[in-house]
Amino acid sequence: MTKKSLFSSIMDMPYGRIPPYHFINASKNSRELVQKLTLQRKIPVHDGCVNSICWNDSGKYLLSGSDDQRLSIVNGYDYSVRLFFIQLFKFI
């Protein structure tokens, strides 16, 4: 049996009457759908509020950005941190 990625686990979850393959389009601007989401995994890579997340095309890697001015890329299968970038300056 192969290990499922976090991305696959989220995509395979039932979201009411919405088929999994419609998840992306249905989630756009849908407060009701977003409120149904639950915490799947806590990955301790940020000290601040996470503002942005983005999966790569295959769903293997997750890029996240936070108020702590850090970017990280995490493997969606074993949750290992692949890259961790700290911004050392502030934009004015």
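The rules behind the values
- Residues numbered from 1 in each chain as written.
- Predicted model: local features only at pLDDT ≥ 70, side-chain atom pairs only at ≥ 80, totals over all residues.
- Heavy atoms only, no water.
- Patch = residues over 30% accessible without salt bridge, like charges linked within 9 Å, V, L, I, M, F, W, Y side chains within 5 Å.
- Areas by Shrake-Rupley, 256 points an atom, 1.4 Å probe, with all protein chains shown as cover.
- Salt bridge = Lys/Arg side-chain N within 4 Å of Asp/Glu carboxyl O.
- Helix = DSSP H or I, 4+ residues; strand = E, 2+ residues; numbered from the N terminus.
- Buried < 20%, exposed > 50% of the residue type's maximum accessible area, 1.4 Å probe, protein only.
- Pairing = 2+ DSSP bridges.
- Axes fitted to C-alpha atoms, helices over the stretch in contact; angles between N-to-C directions.

Naming follows an unreviewed UniProt entry, where the chain appears as DDB1-and CUL4-associated factor 6 of Nephila pilipes.

A.B. asks: Even after reading the chapter, I still don't get a nonpolar patch on the surface, so can you show me in this structure?
C.D. replies: A surface patch of nonpolar side chains, amounting to about 270 Å² of accessible area, comprises Leu63, Leu71 and Phe85. Within the element layout of this structure, Leu71 appears in strand S3 (residues 70–75).

A.B. asks: Sorry if this is basic, but what is going on with unusual backbone geometry here?
C.D. replies: Across the chain, the bulk of peptide bonds are trans and the bulk of non-glycine residues have phi less than zero. In this structure, Gln69 takes a positive phi of about 60 degrees despite not being glycine. Accessibility expressed as a relative area gives 30% for Gln69, which makes it partly exposed. Even without glycine at this site, Tyr79 takes up a positive phi of about 65 degrees. Among the secondary structure elements, Tyr79 is positioned in the loop between S3 and strand S4 (81–86).

A.B. asks: Can you walk me through the pattern of salt bridges in this structure?
C.D. replies: One side chain can pair with another of opposite charge once the charged atoms of both are near each other. Inspection of every chain in the model, using the stated rule, returns two salt bridges. The partner of Asp47 in a salt bridge is Arg70, and the shortest N-O contact between them spans 3.2 Å. Of this pair, Asp47 sits in the loop between helix H3 (31–36) and strand S1 (50–55) while Arg70 is found in strand S3, placing the two residues 23 residues apart along the sequence. By relative accessible area, which is 21% here, Arg70 ends up partly exposed.

A.B. asks: What am I meant to see in the sheet that holds strand S2 (residues 61–66) here?
C.D. replies: Backbone-to-backbone hydrogen bonds pair the strands of a sheet. The strands run either parallel or antiparallel. With antiparallel pairing, the four strands of this open sheet are ordered in space as S1-S2-S3-S4. Both edges of this open sheet fall to S1 and S4, since each of them pairs with a single strand only. The average undirected angle you get between the axes of adjacent strands in this sheet is 15 degrees. Pairing analysis gives five bridges linking S2 to S3, with the strands arranged antiparallel. For Leu63, the partnering residue across the bridge sits in S3 and is Ile73.

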